[in-house]
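Here are the chains, one letter per residue:
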Amino acid sequence: MTIEFTCVHCGKALSTGDEKAGRKAKCPGCSEPIQVPTVNTEGVDLSARVGAAATSQSRASTRKCPMCGHPAAPSDRSCSACGEELTNEERAVDRGRTGEFVAFDLGTVLSRSWQIFKQDMGLVVGGQLVAGLLGVSALVPALGLGIAGAITADQGGDEAVPVVIALFGGAFVLGLIGIAVALWLAVGAQLLLLGLVRGKDVSFSTLFEGRRFLGRYVLCSILYNIMVQIGSQLCVIPGLLVTLLFWPYQYILIDDDRPHIQSLLDAPKLASKSWLMTIVLAVVSAGINLLGVLALFIGVLFTAPYVMLAWCVAYDEMLDRMDDDGEDLEQAQYS
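Residues numbered from 1 in each chain as written. Predicted model: local features only at pLDDT ≥ 70, side-chain atom pairs only at ≥ 80, totals over all residues. Heavy atoms only, no water.

1. Here's the deal with the environment of S113
Its location among the elements puts S113 in helix α3 (residues 106-119). Here S113 falls in the buried class, since its relative accessible area comes to 0%. Residues S113 and E32 lie 81 residues apart in sequence; the distance between their C-alpha atoms is 9.9 Å. Among the polar contacts listed, one links the side chain of S113 to the backbone oxygen of V109, at a separation of 2.6 Å. (Helix = DSSP H or I, 4+ residues; strand = E, 2+ residues; numbered from the N terminus. Buried < 20%, exposed > 50% of the residue type's maximum accessible area, 1.4 Å probe, protein only. Polar contact = N/O pair within 3.5 Å; in protein donor to acceptor, adjacent residues only side chain to side chain.)

Here it is, written out as structure tokens:
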């Protein structure tokens, strides 16, 4: 018996077996997240069976804290009873992947990004704008003290040296704090986009949920930029290769919560499958942003968030996605 239905996003006619009832999947036509109905072609309601399967799966996925034995959900990052941090292995989050990586299709990336952009333009544009404005604002105090120090040094003479040192010292400390805040918001902006790509319930508050990634994000970003700079100084090609092979590190870090610099080490495994498409996407991204600049710079407020969303979608497309029960969606009998 089969279940026949249409995608609510693009209207493509789909069909699959009863065993897929109630599962979430990606439409093969538009790549938007959809849910298979629980009523099949013969009119039989499969909701009871779906509920029983979901209950069974929920029980099977529950595990215990290694410290106190308290039950914990797969998505828990720490034990609710004793506060013990759960490692990636202990969390065993079902991320819906086979562990294999695939090359992304540029047309699919741009089309899927446009669909998400149209549907959630307020969050996509507003999230990037808020994160950017708050990040710049965090650097204003340091800039103010730096200017005051420069003016004092120019006009104060030798007697003002202690004041100048204090002003520049304060500017340095506030600058570090401002950079940390800006990076914290940048992580939150990536979390927001990744949540939209995955169809999760996200909001502007998601911008402030990146604190646990901040230290690793800063460390990996510093190492990444050092490698790019060294490669660029040696020759343009090594710098380009570093960019092509390591760009997904930030998404891997946020998505998989990898420890230390593991996300940077794992990035080439993912990016190597799509190095050619990465070059093409980079050129297309530059062209899209150029259009925004030509539109009196106001267009950048829309083109820049769309480009960032497209890169997030490209990362998601490189993962070999699976459905909720671990069966590859490519094997689902859609027509």
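2. Comments concerning helix α5 (residues 161-197)
Over its 37 residues, α5 extends 54 Å from the first C-alpha to the last, a length consistent with the 54 Å expected when each residue adds 1.5 Å. Just downstream of α5 lies G199, where phi reads positive at about 75 degrees. (Expected span 1.5 Å × (residues − 1).)

3. Overview of the pattern of salt bridges
The tally for this structure, following the rule as stated, stands at eight salt bridges. For R198, the salt bridge identified is with D316, shortest N-O distance 2.5 Å. With a gap of 118 residues between them, R198 in the loop between α5 and α6 (214-234) and D316 in helix α11 (residues 300-317) connect regions that are remote in the sequence. Summarising the burial analysis for this pair, R198 and D316 share the class buried. Across the pair D256 and R258 runs a salt bridge, and its minimum N-O distance is 2.7 Å. Via salt bridges that share partners, R112, R198, D255, D316 and E317 belong to a single interconnected network. (Salt bridge = Lys/Arg side-chain N within 4 Å of Asp/Glu carboxyl O.)

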